[in-house]
Amino acid sequence: MVRAAGAGAGGAAFSPLYRQIKALIVDSLERGEWKPGESIPSEMELAARFHVSQGTVRKAIDELAAEHLLMRRQGKGTFVATHSEPRTRYRFLRLASDDITDSGGAQSRFIDCRRARASADIAKVLALRTGDPVITIRRVLSFDGEPTVIDDICLPGGPFRRLTAELLAGYRGPLYALFESEFGISMVRADEKLKAVAATEEDATLLSVQAGSPLLQVERVSYTYGDRPMEYRRGLYITERYYYRNSLK
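In this convention, every chain numbers its residues from 1, walking through the sequence in written order. Reporting of local features is limited, given that this is a predicted model, to residues whose pLDDT is at least 70; pairs of side-chain atoms are given and counted only at 80 or more, and all residues count toward the totals for whole chains, interfaces and linings. Water and hydrogen atoms play no part in the side-chain values, which are based on all heavy atoms of the structure.

### Some remarks on helix H6 (residues 175-183)
Helical geometry note: an α-helix holds 3.6 residues per turn, so side chains three or four residues apart project in the same direction. By the criterion of burial, H6 is predominantly enclosed, with 7 of the 9 residues buried. Residues of H6 that are buried: Leu175, Tyr176, Ala177, Leu178, Phe179, Glu180 and Phe183. Think of it this way: any DSSP run of H or I at least four residues long counts as a helix, any run of E at least two long counts as a strand, and we number them from the N terminus. Gly184 lies just past H6 and shows a positive phi near 65 degrees. Remark: exposure states derive from per-residue accessible area (1.4 Å probe, protein chains only) relative to the maximum for the residue type, with buried under 20%, exposed over 50%, and partly exposed in between.

In structure tokens form, the structure reads like this:
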């Protein structure tokens with residue numbers, strides 16, 4: 001039976017019961033008990049499993065749904081969020097067109113994929129040791145046939161050791177969906193930093209713009225369950241026809 005933690009003699013901070021249930025559900029997600037896209041047990045079943053009320057379970061699931069770890073489907077139940085789902089597949093891609101019409105998603109062209117050794121900076125970001133194996137990827141994202149984003153991506157070599165240029169070349173979906181299906185890695189949240197930069201000669205060639213053109217640089221660290229960093233990404237964005245959108249809560 002789950003019991004609410006209180007501030008006892010040891011000074012432990014109070015944790016609401018629904019937060020404890022939320023943590024237990026996340027632990028099950030991290031262990032892979034329910035895979036991305038699969039349904040989880042009903043609120044009633046989870047309430048019986050954890051010996052709490054159905055309302056407590058509902059509140060925990062509400063928070064997980066708000067954080068996009070779970071998805072509710074009317075009349076069908078609650079499912080583990082996946083980047084393969086049409087409504088969430090590009091939720092980490094915050095670029096939106098100035099036009100009202102939807103461009104229909106991004107087209108990806110991979111420029112490079114290779115194994116390397118983590119620099120001190122990358123090792124710090126990905127919680128590795130300097131010199132640990134990493135995989136670096138460079139790609140160009142196009143919208144409506146126009147190159148718009150350069151992505152430089154760095155992944156820890158251990159979890160992604162089977163990732164190859166051939167695998168990337170043959171894949172047509174979102175990259176995070178590939179990480180889920182082939183490597184069992186779910187990216188559940190990200191931290192980002194943005195600043196304006198000027199296009200280098202190489203950037204300008206890939207994006208078909210003039211050297212020195214203004215670009216938006218977005219540095220992202222993406223995390224899986226347990227707040228474990230699993231990706232460092234630096235994106236360079238043309239924002240002439242697009243803007244970077246975000247929601248603050």
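### Focus on the sheet that holds strand E7 (residues 189-198)
Read across the open sheet, the 6 strands follow the order E4-E5-E6-E9-E8-E7; overall the sheet is antiparallel. Looking at which strands have only one partner, the edges of the open sheet turn out to be strand E4 (107-117) and E7. When the angles between neighbouring strand axes are averaged without regard to direction, this sheet yields 15 degrees. Two elements, E4 and strand E5 (residues 133-143), share 10 bridges in a ladder whose sense is antiparallel. In the strand pairing of E5, Gln107 is matched with Ser142. Two residues form a contact once any of their heavy atoms are found within 4.5 Å. Helix axes are fitted to C-alpha atoms over the stretch in contact, other axes to C-alpha atoms as well, and angles between N-to-C directions run from 0 to 180 degrees. This element, H6, spans E4, E5, strand E6 (146-156), strand E8 (214-224) and strand E9 (228-237) of the sheet and lies at about 155 degrees to E9. Strands pair, by our definition, only if DSSP identifies at least two bridges between them.

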